[in-house]
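Per-entry structural report
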Amino acid sequence: MRKIILIVSTILLATTSCNDDFLEEKPLDFLSNVNAYDTYEGLNATVNNLYWFSRRIFFDRDEHRPFDFIYGTDLVYDGQSSTDRHTNMIAAYDPNSGIPATHWDNLYTMVVESNIVISRAPVADITEEQQIEILAQARFFRAFAYRALVYIWGGVPLVTEEITEPRTDFVRASKEEVLNQIIEDLNYAANNLPGITEAKDGKLNNLAARHLLSEVYLAANRPQDAVNAASVVINDPATALMQNRFGSRANETPGDVYWDLFRMNNQNRGSGNTEALWVIQFETDVLGGSTVSGGRGGSYMLERHHAPFIRNVKVNGESPFLWPKSDYTGGRGIGWAVPTYHFTNEIWESDFDNDIRNANHNFVREFTADNPNSSYYGQVFSTENPPEGVDTTRDFYAYQSKVTTPMNHPDGLYDDKELGTLKSSAGATYTDQYMFRMAETYLLRAEAYMDLGNNAKAAADINKVRERAHANPVAAGDVDIDYILDERMRELGVEEKRRLTLMRLGLLYDRVKRFNPYYADEILPKYNLWPIPAAEIERNIDAELEQNPGY
């Protein structure tokens with residue numbers, strides 16, 4: 001965890017003479033816990049750290065914890081059994097496990113740092129305009145952290161003031177109280193953050209706050225308010241679903257507008273993307289950026305997790321595929337996040353051939369043998385009819401190409417660029433990542449309309465997303481929460497932080513039990529919430545920090 005470094009100058013004391021006070025060094029300036037937040041620069045450094053922390057929690061902390069938001073859900077299962085990938089849920093969700101503890105610590109660190117900024121900004125030596133700018137971002141981040149905390153744990157300790165001394169007397173607020181605080185913070189942010197056309201790439205804007213506000217209103221059972229917040233985003237003249245080819249690879253085939261959304265350098269507004277609301281920046285080989293082109297450290301390792309371990313495929317003793325390779329075989333995937341059958345097949349049944357999101361360049365099912373030394377060179381193998389004896393649980397399965405950059409990995413990762421083979425250091429997804437995009441806003445508003453009993457308007461919003469995908473429209477009578485969750489799968493797939501969605505709705509147990517056989521014998525109703533880490537309860541000696549039921 002990066003912190004603002006506190007530098008205290010050392011005063012040198014002379015010992016040769018009591019009159020040698022000219023030897024005393026009087027520091028003219030220094031940073032301390034007293035003055036570090038007195039200036040715009042000091043406060044902004046902490047705000048920048050909150051951006052960094054958002055990226056760290058959800059994308060690049062390491063190769064495990066960012067993926068806790070997809071494992072153990074209805075989306076994927078573990079291709080190589082490990083508690084880190086939620087196999088053995090008893091161990092994964094134990095109150096002493098590192099999984100809940102890591103996220104609790106990270107999210108509360110965001111709360112603590114946000115509170116420091118919120119407390120210090122009003123008394124700092126900054127202009128009113130700077131104060132509003134700083135406070136709007138800090139209050140968004142506090143809400144952003146509490147949104148995950150309340151979805152994952154329910155009612156949690158609600159801390160809205162800077163903590164200046166150790167405390168061991170925390171108690172849980174109600175879920176309603178936490179949601180109300182989130183809503184208050186997000187309304188402030190939405191009213192004071194810059195417009196989306198004014199904000200720099202990666203920086204927060206008023207529509208990102210409105211989008212999140214819509215989601216949190218749903219969690220608070222305020223569907224009309226959710227409709228209103230989402231409508232601000234949808235009706236803004238600067239936003240629209242992308243409908244036509246655009247960006248860095250718009251002239252390539254195969255391809256379509258959905259494919260273009262996930263190509264390198266296409267996520268920000270500079271590429272013409274009017275759909276993106278908040279994009280997490282992964283500047284490669286840029287000072288202060290996250291990633292380097294020669295390795296995967298500090299990157300989002302979604303390619304590594306979700307693409308199949310094609311290296312292990314053998315057909316009659318031959319290896320038809322080169323690995324790792326920058327093509328549709330999946331880069332340097334190692335087959336950990338294997339999609340459920342519900343994700344790969346069941347949700348596409350009505351539109352298997354016409355929905356562009358299910359086209360082979362978007363959801364890869366057909367793999368062309370690319371090993372020139374194999375007798376199968378050029379032959380197409382399909383996951384729908386896999387070769388006999390091939391392991392389809394890890395090595396050969398359908399996956400979403402949004403996790404990789406086919407034919408376009410960074411130059412530093414190629415072992416042989418002409419052949420397209422990659423170094424062993426590959427495995428990351430070298431694109432900026434969507435935190436929020438407008439297709440999800442439509443699906444949030446659809447959920448709100450459904451909660452209001454207006455399925456006609458819910459269907460109309462869903463069909464905005466489906467129309468772009470060339471999918472058949474859904475009828476109003478077929479809209480329910482399962483349909484919306486399936487549509488989120490079709491549109492957002494492994495891009496979505498699925499655990500947050502299912503825990504927000506209290507449907508994690510239900511969906512996993514029905515649609516993910518891998519975890520079906522492990523999932524328990526109590527896992528709709530995670531346990532509060534045991535260490536937090538034990539150190540809280542001056543009050544009772546109540547554990548969630550069943551732990």
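The following refers to the structure shown. Everything numeric here is computed off the predicted structure, so don't read it as measured data.

Focus on the packing of helix α13 (residues 481-492) against helix α14 (residues 498-505)
Interaxial distance between α13 and α14 falls to 12 Å at its minimum, and their mutual angle equals 170 degrees. One finds that α13 runs roughly antiparallel with respect to α14. Counting all contacts with α13, which are made through Ile 481, Leu 485, Arg 488 and Met 489, the residues of α14 involved are Arg 498, Thr 501, Leu 502 and Leu 505. Considering only residue class, the contact of α13 with α14 consists of five nonpolar, one polar and two charged.

A closer look at unusual backbone geometry
With omega at 0 degrees, the peptide bond leading from Thr 253 into Pro 254 counts as cis. Structurally, Pro 254 can be placed in the loop between α7 (223-235) and α8 (257-260). Here the residue pair Trp 323 and Pro 324 is connected by a cis peptide bond, since its omega of -5 degrees sits within 30 degrees of zero. Along the polypeptide, Pro 324 turns up in the loop between α9 (302-306) and β3 (337-339). For Asn 265, which is not glycine, the phi dihedral falls at a positive 70 degrees. Looking at the element boundaries, Asn 265 is found in the loop between α8 and β2 (276-280). Unlike most non-glycine residues, Asn 316 shows phi in positive territory, near 50 degrees. Structurally, the position occupied by Asn 316 is in the loop between α9 and β3. The exposure class of Asn 316 is exposed, given its relative accessible area of 71%.

Topic: the pattern of salt bridges
Summed over the entire model, instances satisfying the criterion amount to 43 salt bridges. Arg 304 serves as the salt-bridge partner of Glu 63, at 2.8 Å between the closest nitrogen and oxygen. With Glu 63 in the loop between α1 (40-60) and β1 (76-78) and Arg 304 in helix α9, this residue pair connects regions lying 241 residues apart in the sequence. With a relative accessible area of 10%, Arg 304 lands in the buried category. A salt bridge links Asp 327 to Lys 325, with the shortest nitrogen-to-oxygen separation between them at 3.9 Å. Both residues of the pair, Asp 327 and Lys 325, belong to the buried class. In this structure, a network of salt bridges that share partners links the residues Glu 275, Asp 351, Asp 355, Arg 357, Lys 402, Arg 437, Arg 466, Arg 468, Glu 487, Arg 490, Glu 491 and Glu 495.

Focus on α7
A rise of 1.5 Å per residue sets the reference length of α7, with its 13 residues, at 18 Å; its end C-alpha atoms lie 18 Å apart and thus fit the reference within 8%. Among the residues of α7, Pro 223, Ala 226, Val 227, Ala 229, Ala 230, Ser 231, Val 233 and Ile 234 are the ones counted as buried. The inward-facing, buried residues of α7 contact α6 (206-219), β2 and α11 (438-451).

Comments concerning the side chain of Thr 405
Here Thr 405 is to be found in the loop between β7 (399-400) and β8 (414-416). Note on Thr 405: relative accessible area 2%, which makes it buried. For Thr 405, the contacting residues outside a window of four places in its chain are Arg 263, Met 264, Glu 303, Ser 326, Tyr 430 and Thr 431.

Reading guide: rules and limits
Residues numbered from 1 in each chain as written. Predicted model: local features only at pLDDT ≥ 70, side-chain atom pairs only at ≥ 80, totals over all residues. Heavy atoms only, no water. Axes fitted to C-alpha atoms, helices over the stretch in contact; angles between N-to-C directions. Helix = DSSP H or I, 4+ residues; strand = E, 2+ residues; numbered from the N terminus. Parallel < 35°, antiparallel > 145°, perpendicular 65-115°, else oblique. Contact = heavy atoms within 4.5 Å. Nonpolar A, V, L, I, M, F, W, Y, C, P; charged D, E, K, R; others polar. Buried < 20%, exposed > 50% of the residue type's maximum accessible area, 1.4 Å probe, protein only. Salt bridge = Lys/Arg side-chain N within 4 Å of Asp/Glu carboxyl O. Expected span 1.5 Å × (residues − 1).

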